[in-house]
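# Reading the structure
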Amino acid sequence: MIKFNNIEIKFGDFVAIKDLSLEVKEGEFFTFLGPSGCGKTTTLRALAGFVKPTKGSIEVAGEDITYKPIEKRGIGMVFQSYALFPTMTVEENITFGLKENKWDKAAIAAQLKRVAEMVNLTDEQLKKNVSALSGGQQQRVAIARALALNPKIIVLDEPLSNLDAKLRKSLRLELKKIQKSSGTTMIYVTHDQEEALTLSDRIAVFNNGCIEQIGTPREIYYSPRSEFVTNFIGDTNQLSNEVVEKINKYNSEAKLNPQDHIYVRVENVKEEGQISEKEKYFVLPAYFQTEEFYGITTRKTFNIGNSEIKSMSLKNDKKLEVGAKMDLFINPSDFIVFKEL
């Protein structure tokens, strides 16, 4: 449905986006993920019409919209700052675009009721001034306003970043339900990997104006195609040469190359008692250093000579003293290896 064809975006001599091409399917929840300054918001703004590419084209449903006016693109927008009219009521904010587009009163009332129910806004809240609402409620209003004109595409730029952690989790679940029930194609920008993994049908991971990888959340997490993606998604150990050499020393079948860049995710580093078939694992003698308790999970740090390796487990049933020796176990299939060129 949406196609970016060899897009380049420059600001003076600075190239913000370099030869970017990607396609978003109709009805998809597609996320642009990456650190600050990587180009994800610039790409989103090009789709919405706020930024003009210096090269390439953007198509929606086969139509070239690269230079089409913003107001004629039919794209709903939800911003980090909400961008609501503070002196208007919730109802007036949601129906503003409908009135501007000359909808009749009956159609406006019906659409207001539909989108308000979709985002869980009550009749009482609709009558309130928008400035009297909490941040989470204001964000619901911003989403409802974007949905009101029945756009085929909605773009959302870090829409939940101003909210507290618990409210973010609650709203993102609702946002996913809204997207599925409305059938709208949503393009979502975030630097939060957890948001991206839980919300998205597919993800594009951005880095320095380029896309490192496009895939489903599981593809991005379990089969990263670059070291950047490996490090950016999830919590990962990069094994030092010292650790690699010790794995080779204590496991005769191990043939790891210390010159390669080898990673293993923290949840794939196991302790005694967490595995059933030891023969499938490489053993790695280590010494306990510290732990971080998160409630559901516990993150531990171990020393291996002058190096460290971290583990993550769902239960903490064995209290360890600092310096205690502990055999760690890693399944060879869990190594993520990038060959030294």
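Before reading on, note that the structure itself is shown above.
What comes next is a walk through the structure. None of these values were measured; they are calculated from a predicted model.

This part covers helix 3 (residues 105–118). Taking 1.5 Å of rise per residue, the 14 residues of helix 3 would be expected to cover 20 Å, and the 20 Å separating its terminal C-alpha atoms lies within 8% of that figure. By the burial criterion, the buried members of helix 3 are Ile 108, Gln 111, Leu 112, Val 115, Ala 116 and Met 118. Mapping the buried residues of helix 3 onto a view down its axis gives an arc of 150 degrees, with all of them on the same face. Of the residues in helix 3, the exposed ones pointing more than 90 degrees away from the buried face are Ala 106 and Lys 113. For helix 3, the secondary structure elements touched by its buried residues are helix 2 (90–100), helix 4 (123–126), helix 5 (135–148) and helix 6 (165–182). Of the residues one or two after helix 3, Asn 120 is the one with positive phi, at around 60 degrees.

What follows covers the packing of helix 2 against helix 3. A pair of packed helices is characterised by two quantities: the angle between their axes and the separation of those axes. The contact between helix 2 and helix 3 brings their axes to 10 Å, and the two run at 130 degrees. Viewed along their axes, helix 2 and helix 3 adopt a mutual orientation that is oblique. When the axes of helix 2 and helix 3 are compared, the crossing they make is right-handed. Counting all contacts with helix 2, which are made through Glu 91, Ile 94, Thr 95, Leu 98 and Lys 99, the residues of helix 3 involved are Ile 108, Gln 111, Leu 112 and Val 115. A per-class count over the contact of helix 2 with helix 3 returns five nonpolar, two polar and two charged.

With that settled, the discussion passes to the pattern of salt bridges. One pass over the full model with this rule turns up 16 salt bridges. Here Asp 201 and Lys 180 are joined by a salt bridge, their closest N and O atoms 3.4 Å apart. Of this pair, Asp 201 sits in the loop between helix 7 (193–199) and strand 9 (202–207) while Lys 180 sits in helix 6; the two residues are 21 residues apart in sequence, bridging distant segments of the chain. Classification of Asp 201 by relative accessible area gives partly exposed; the value is 25%. Classification of Lys 180 by relative accessible area gives partly exposed; the value is 48%. For Lys 300, the salt bridge goes to Glu 271, with nearest N and O atoms at 3.0 Å. Of the two residues, Lys 300 is situated in strand 15 (residues 298–304) and Glu 271 in strand 13 (residues 270–271); the sequence distance between them amounts to 29 residues. Glu 271 matches Lys 300 in its accessibility class, with the two residues each being buried. In this structure, a network of salt bridges that share partners links the residues Lys 169, Arg 172 and Glu 194.

Before going further, it helps to spend a moment on the pairing of strand 2 (residues 14–24). Here strand 1 (residues 2–11) runs beside strand 2; their pairing, made up of seven bridges, is antiparallel. Across the sheet, the residue bridging to Lys 3 is Glu 23, located in strand 2. Hairpin geometry of strand 1 and strand 2 is characterised by an intervening segment of two residues between the two adjacent antiparallel strands and by a positive phi of about 65 degrees at Gly 12.

This part is about the side chain of Gln 139. Of note, Gln 139 is situated in helix 5. Beyond its immediate chain neighbours, meaning those up to four positions away, Gln 139 contacts Val 78, Phe 79, Gln 80, Tyr 82, Pro 159, Leu 160 and Leu 171.

Our next topic: helix 5. Taking 1.5 Å per residue as the helical rise, helix 5 with its 14 residues ought to reach 20 Å, and the 20 Å between its terminal C-alpha atoms agrees with that figure. All of the buried residues in helix 5 are Gly 136, Gln 138, Gln 139, Arg 140, Val 141, Ala 142, Ile 143, Ala 144, Arg 145, Ala 146, Leu 147 and Ala 148. Just downstream of helix 5 lies Asn 150, where phi reads positive at about 55 degrees.

On to the layout of surface pockets. In this structure, the largest pocket encloses a volume near 510 Å³. As for the largest pocket, its lining consists of 20 residues, and the residues nearest its centre are Ile 75, Gly 76, Met 77, Gly 97 and Leu 149. Of all the elements in the fold, those that place two or more residues in the lining of the largest pocket are strand 6 (75–78), helix 2 and helix 5. The element best represented in the lining of the largest pocket is helix 2, accounting for four residues. What the second largest pocket holds in volume is close to 250 Å³. Lining the second largest pocket are Lys 169, Gln 193, Glu 194, Leu 197, Tyr 221, Gly 234, Asp 235 and Glu 267. At three residues, helix 7 tops the list of elements feeding residues into the lining of the second largest pocket. Looking at side-chain class alone, the lining of the second largest pocket contains two nonpolar, two polar and four charged residues.

Conventions used here
- Residues numbered from 1 in each chain as written.
- Predicted model: local features only at pLDDT ≥ 70, side-chain atom pairs only at ≥ 80, totals over all residues.
- Heavy atoms only, no water.
- Helix = DSSP H or I, 4+ residues; strand = E, 2+ residues; numbered from the N terminus.
- Expected span 1.5 Å × (residues − 1).
- Buried < 20%, exposed > 50% of the residue type's maximum accessible area, 1.4 Å probe, protein only.
- Arc of directions from axis to C-beta.
- Contact = heavy atoms within 4.5 Å.
- Axes fitted to C-alpha atoms, helices over the stretch in contact; angles between N-to-C directions.
- Parallel < 35°, antiparallel > 145°, perpendicular 65-115°, else oblique.
- Left-handed = near helix turned anticlockwise from the far one by under 90°.
- Nonpolar A, V, L, I, M, F, W, Y, C, P; charged D, E, K, R; others polar.
- Salt bridge = Lys/Arg side-chain N within 4 Å of Asp/Glu carboxyl O.
- Pairing = 2+ DSSP bridges.
- 1 Å grid on protein atoms, 1.4 Å probe; cavity = no way out; pocket = protein on both sides within 12 Å on 5 of 7 lines; lining within 4 Å.
- Points joined across faces, edges and corners; volume = space filled by probe spheres on them.

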